[in-house]
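Architecture at a glance
What follows is each chain in one-letter form.
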Amino acid sequence: MTHNVQDIRNIAVCGHGSSGKSTLVDQLLVKTGAVSGQPSVDNGTSICDFDEEEKHHKHSIESSVVHFDHGGKRFNLIDTPGYPDLIGQTIGALRAADTALITIDAHAGIKVNTRRTWKEAGDAGLGRILGITKLDADQIDFPQLIDSIREVFGNSCALFNVPLGQGHDLKGVVSTLDPPQDVAGALVDPASVSESVLESIIEADEKVMEKYFEGEMPSQEELDRLCVEAVRQRTLTPIVCISTKADVGIDELLGVLAQCALPPNAVTRTATKDGDTVTLKADPAAPLAAQVFKTRIDPFVQRLSFIRVFSGTIKKDDTLSCPGHRKGIKIGPLLSVQADKTANIDEAGPGDIVAVAKNEELHTGMSLGELELPPLKFPMPMVGLAVTPKARGDETKLSGALHKITEEDSTVHLQHDAETKEMVLTGMSELHLSLLRERLKRRDKVEVDAKEPKIPYRETIQADAEGSYRHKKQSGGSGQFGEVHIRMYPLPEGSKPEDFATKERFPHLKAQHFHEKNNFLWVDTVVGGTIPGNFMPAIEKGFLEKVAGGVVAGYPVQNVCVEVHFGKDHPVDSNETAFRIAGRQAFAKVFKEARPSLLEPVVKLAITVPVGNVGDVSSDLSGRRGQMVGMDSAGGGMTTIEAVAPLAEVMTYARTLSSMTGGQGSYTMEFSHYDVVPGNVQQQIIAQAKIKEEEE
Ligand SMILES: Nc1nc2c(ncn2[C@@H]2O[C@H](COP(=O)(O)OP(=O)(O)OP(=O)(O)O)[C@@H](O)[C@H]2O)c(=O)[nH]1
Ligand SMILES: [Mg+2]
């Protein structure tokens, strides 16, 4: 089914929650005859929100891929969820798209996820189009909305059409470039903006610009070409006006998408091959470059891997060579996807968005073909939840189900806590985690008990220390004996192990092992075989048990170096178990001597509130050990405050902010760094950990 590259438009529909994205995409499918009926988010018949949880919540939770044909062009649309904590879905969708259609609810205006998706789309190098939605609503100050859009997103934003009438009297939209005679009721006089819109289009070509100022109007073909060019250069962001409820502006939107959305070959993309950077050509005969941007696992079709082809061609049943896969990957049938439905196709070329079913070797972010595309950068999840199955014996089922979830959602991490036997699921927020629990229950039929969301603290040390431990047991038959002497040092974050484990510092250095994840290094400087070399791996095992499970409060250890310098063995009673235990106990003992302390995650916040609330927000932040680091006008009477604060203090910030600002404030949060927890707070955490331990 390969399409002519020039005729493909791949569009990610994104923006803030409830701004009408799914309803709009549904309506576009109906209008163009791709589906029939009257789909609706509100009564659970939306094409895009087909998932049970989406129907239940009346919000999108996952991105969905749909397509339609219009005016000789193939449109692939990806509807994305607007809830900021589900941004991972949008990030995947933006990789597959060439243009982002960002919706703004006319009444609600610019919200936190409007800004976020604007930025993500720009960072991904896509063209942008703004859709103002729900223009049938009452109490809309349209001119003011346009002013704030231009204030926040810049003067590239150009009104392509304006509404006629408002609220119940909304009658339609009229073009600003080519306004009709009668524009009675227009919320902005189209003639008053025509010139500036035209100029922002032709700005993309100096020659056309010159001729225009000499009085020569560009032709329609020239305008069409320049629209794409200006959107590509991002000197133009068309604004279109829509109401799906009143069926206003949909045909016009289709027209603007056809004219201004970027064809796949308009976006410059690069990949690497053997370390060299290659610019991709949207050519079906070029070497294959394609990437998995989404994985969906549902109970019926099982696993679907969504793929965007950038160059070259994939044929069904191909075996593709892929970076890091020596044998190649056999992909089986190829599918085109319409929300929850699929159809078999034979091949896919540049610009196509397709799926492969039931292939366990494909994962989100993977490149197909010999070229390696840039990795997808997902935000780091920070809110942890320890889960155990309600029913005994469901452990395997739970662990399988959780792995599925991490495959589908790259903003979920999963860790098995060896010590507590818990699975710890880390997500973006409490809400994100509760959505995941619902999915576990419905799809995988596993109910779980969950503990309080956990803050991922880390344990570390502030001073050097040394000590030893002797493990000795002599009861009946064979005994156990192992003795380990160690020294412990704080290991600076980000330091290279070879810079730390130098011959100057450790003259008897024999071996070293670095565990990057925990920035944990241990070095072997044992002289004269006081510990036989074959017991070293057992000692390391003992260390790693403590590194994973913590010493003072049950959190993973970070930024520590251990030197094993002396020990004793017994010709009969020494064995691996004995040395593992000795290693573990020596670690715990010396760690406690080395001024142990806790590290906590600190997050960056961007908080947007009405100007009048800035004082409240700032004093509230200082009560949360937070700090303001900057402030910027956000247009429309709003201010964006940049701040840093410990994650533990802002876990439920959504509620606080909402009550402080009467629901008008919004924020985004991302991981910044780990920092030492102040002494008094530290004592509380350690005390709580002790109580928990005793309870268990
Ligand atoms: N009055 C009015 N309501 C609309 C319009 N478009 C959508 N809605 C309603 O707005 C609500 C949200 O619509 P959705 O299409 O689910 O919005 P969304 O942007 O997909 O929301 P998320 O998936 O949560 O990000 C629903 O109740 C829709 O019926 C419109 O043009 N006018
Ligand atoms: Mg939606």
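These remarks concern the structure in this document. Given the structure is predicted, the values throughout are model-derived calculations rather than measurements. (Residues numbered from 1 in each chain as written. Chains lettered and ligands numbered in written order. Predicted model: local features only at pLDDT ≥ 70, side-chain atom pairs only at ≥ 80, totals over all residues. Heavy atoms only, no water.)

**Considerations on the overall build of the protein**
- Of the regular secondary structure elements, the protein holds 17 helices and 35 strands.
- Taking the contacts inside the protein whose residues are at least 6 apart along the sequence as the reference set, 71% of them involve residues at least 24 apart.
- Split by element, the accessible area of the protein, about 30,600 Å² in all, is 47% carbon and sulfur.
- Mean positive and mean negative side-chain charge positions of the protein (74 and 97 charges, respectively) differ by 7 Å. (Helix = DSSP H or I, 4+ residues; strand = E, 2+ residues; numbered from the N terminus. Contact = heavy atoms within 4.5 Å. Areas by Shrake-Rupley, 256 points an atom, 1.4 Å probe, with all protein chains shown as cover. Lys, Arg positive; Asp, Glu negative; His and termini not counted. Charge placed at Lys NZ, Arg CZ, Asp CG, Glu CD.)

**Thoughts on the pattern of salt bridges**
- Scanning the model with the defined rule gives 35 salt bridges in all.
- The partner of Arg439 in a salt bridge is Glu62, with the nearest N and O atoms 3.6 Å apart. With Arg439 in helix 11 (residues 430–442) and Glu62 in the loop between helix 2 (52–57) and strand 2 (64–70), the pair connects residues that are 377 residues apart, well separated along the chain.
- Overall, Arg439 belongs to the buried group, its relative accessible area being 7%. (Salt bridge = Lys/Arg side-chain N within 4 Å of Asp/Glu carboxyl O. Buried < 20%, exposed > 50% of the residue type's maximum accessible area, 1.4 Å probe, protein only.)

**Observations concerning helix 4 (residues 112–123)**
- Taking 1.5 Å of rise per residue, the 12 residues of helix 4 would be expected to cover 16 Å, and the 17 Å separating its terminal C-alpha atoms lies within 8% of that figure.
- What helix 4 keeps buried is the set Val112, Asn113, Thr114, Thr117, Trp118, Glu120, Ala121 and Gly122.
- One or two residues past the end of helix 4 sits Gly125, with phi positive at roughly 80°. (Expected span 1.5 Å × (residues − 1).)

**Side note on the coordination of the magnesium ion (ligand 2)**
- Distances from the magnesium ion (ligand 2) to its protein donors, Ser22 (OG) and Ser60 (OG), fall within 2.0 Å. Of this pair, Ser22 sits in helix 1 (residues 21–31) while Ser60 sits in the loop between helix 2 and strand 2; the two residues are 38 residues apart in sequence, bridging distant segments of the chain.
- Judged by relative accessible area, Ser22 falls into the buried class, the value being 8%. (Donors = N, O, S within 2.8 Å, 3.2 Å for Na, K, Ca; no water.)

**Regarding the sheet that holds strand 30 (residues 520–524)**
- Strand order in the open sheet made by the five strands is 27-28-31-30-29, with mixed pairing throughout. Sheet topology places strand 27 (465–473) and strand 29 (511–515) at the edges, where each strand pairs with a single neighbour. Strand after strand, the sheet turns through a mean of 20° between neighbouring axes, direction not considered.
- Two strands pair when backbone bridges link them, and strand 30 and strand 31 (residues 560–568) are joined in this way by five bridges, in the parallel orientation. Within strand 31, the position partnered with Phe520 by the bridge is Val560.
- Set on the sheet, helix 13 (residues 536–549) makes contact with strand 28 (480–490), strand 29, strand 30 and strand 31; between it and strand 30 the angle comes to about 155°.
- Across the sheet, helix 14 (residues 576–593) is in contact with strand 27, strand 28, strand 30 and strand 31; its angle to strand 28 comes to roughly 35°. (Pairing = 2+ DSSP bridges. Axes fitted to C-alpha atoms, helices over the stretch in contact; angles between N-to-C directions.)

**As for the pairing of strand 12 (residues 289–298)**
- Burial analysis of strand 12 places 10 of its 10 residues in the buried class, which makes it a mostly covered element.
- Across nine bridges, strand 12 lies against strand 13 (residues 302–311) in antiparallel orientation. In the sheet register, Lys294 faces strand 13, and the bridge partner there is Phe306.

**Things to note about the site of ligand 1**
- Close to ligand 1 lie 19 residues, the nearest being Lys21, Thr23, Asp42, His59 and Asp136.
- A distance of 2.9 Å separates an oxygen atom of ligand 1 from a polar side-chain atom of Ser22.
- The contact in question runs from a nitrogen atom of ligand 1 to an N or O atom on the side chain of Asp136, over 2.7 Å.
- Compared with its free state, where it exposes 650 Å², ligand 1 has 86% of that area covered by protein.
- Taken together, the residues of the shell around ligand 1 break down into two nonpolar, 12 polar and five charged. (Near = heavy atom within 4 Å. Polar contact = N/O pair within 3.5 Å; in protein donor to acceptor, adjacent residues only side chain to side chain. Nonpolar A, V, L, I, M, F, W, Y, C, P; charged D, E, K, R; others polar.)

**So, helix 11**
- The first and last C-alpha atoms of helix 11 sit 19 Å apart over 13 residues, in line with the 18 Å expected at 1.5 Å per residue.
- Listed in full, the buried residues belonging to helix 11 are His432, Leu433, Leu435, Leu436, Arg439 and Leu440. For helix 11, the arc enclosing every buried residue in end-on projection is 155°, short of the 170-degree limit, so these residues lie on one face.
- In this structure, the buried side of helix 11 is in contact with helix 2, strand 22 (383–389), helix 10 (395–408), strand 24 (422–427) and strand 25 (448–450). (Arc of directions from axis to C-beta.)

**Details of the packing of aromatic side chains**
- Throughout the structure, instances matching the rule amount to 16 aromatic pairs.
- On the basis of an interplanar angle of 70° and a centroid distance of 5.7 Å, the ring pair of Tyr489 and Phe506 is categorised as edge-to-face. Here Tyr489, found in strand 28, pairs with Phe506, found in the loop between helix 12 (497–500) and strand 29; they are 17 residues apart in sequence, far enough to count as distant.
- Tyr489 gets classed as buried once you look at its relative accessible area, which sits at 14%.
- Its relative accessible area of 1% is what places Phe506 among the buried residues.
- Both rings, one in Phe520 and one in Phe587, keep their centres 6.0 Å apart while their planes meet at 70°; by these two values the pair is edge-to-face. Here the residue Phe520 occupies a position in strand 30, and Phe587 occupies one in helix 14, the gap between them amounting to 67 residues. Each member of the pair, Phe520 as well as Phe587, is classed as buried.
- Three or more aromatic residues joined by ring pairs form one cluster here, namely Phe520, Trp522, Phe543, Phe587 and Phe591.
- The ring centre of Trp118 lies 3.6 Å from the NZ or CZ of Arg128, which sits over that ring.
- Just above the ring of Phe306 sits the side chain of Lys294; from NZ or CZ to the centre is 5.6 Å. (Phe/Tyr/Trp six-rings, centres within 6.5 Å; stacked < 30°, edge-to-face > 60°. Lys NZ or Arg CZ within 6 Å of the ring centre and 35° of its normal.)

**Examining the sheet that holds strand 12**
- The strand order across the open sheet formed by six strands is 18-17-20-13-12-21, and the pairing between neighbours is antiparallel. Only two strands of the sheet have a single neighbouring strand rather than two, namely strand 18 (341–345) and strand 21 (367–368).

**Description of a negative patch on the surface**
- Together, Glu206, Glu210, Glu214 and Glu216 make up a region of like negative charge exposed at the surface.
- You can see Glu210 is positioned in helix 7 (residues 206–213). (Patch = residues over 30% accessible without salt bridge, like charges linked within 9 Å, V, L, I, M, F, W, Y side chains within 5 Å.)

**Details of the packing of helix 15 (residues 614–623) against helix 16 (residues 653–660)**
- Here helix 15 crosses helix 16 at 145°, and the two axes come no closer than 10 Å. Judged by the twist between their axes, the crossing of helix 15 over helix 16 is right-handed. Across the interface between the two elements, Asp616, Val617, Asp620 and Leu621 from helix 15 touch Tyr653, Thr656, Leu657 and Met660 from helix 16.
- Of the residues that constitute the contact of helix 15 with helix 16, the class distribution is five nonpolar, one polar and two charged. (Left-handed = near helix turned anticlockwise from the far one by under 90°.)

**Considering the nonpolar core**
- With 90 residues, the main nonpolar core has Leu77, Leu130, Ile132, Phe142, Ile149 and Phe160 as its most contacted residues.
- Formed by 56 residues, the second largest nonpolar core is a distinct cluster that contains Met382, Val547, Phe591 and Val677. (Core = buried A, V, L, I, M, F, W, Y, C linked by side-chain atoms within 4.5 Å.)

**Here we look at the packing of helix 10 against helix 11**
- In the contact formed by helix 10 and helix 11, the axes pass within 11 Å of each other and the chain directions differ by 125°. It follows from the interaxial angle that helix 10 and helix 11 lie oblique. Note that helix 10 runs across helix 11; the crossing there is right-handed. Between helix 10 and helix 11, the residues in contact are Leu398, Ala401, Leu402, Ile405 and Glu408 and Leu436, Arg439 and Leu440, respectively.
- Classifying every residue of the contact of helix 10 with helix 11 gives six nonpolar, no polar and two charged. (Parallel < 35°, antiparallel > 145°, perpendicular 65-115°, else oblique.)

**Thoughts on the environment of Ser659**
- Here Ser659 lies in helix 16.
- Judged by relative accessible area, Ser659 falls into the exposed class, the value being 61%.
- Remark: the alpha-carbon pair of Ser659 and His57, spanning 602 residues in sequence, is separated by 23 Å.
- A distance of 3.1 Å separates the side chain of Ser659 from the backbone oxygen of Thr656, its partner in a polar contact.

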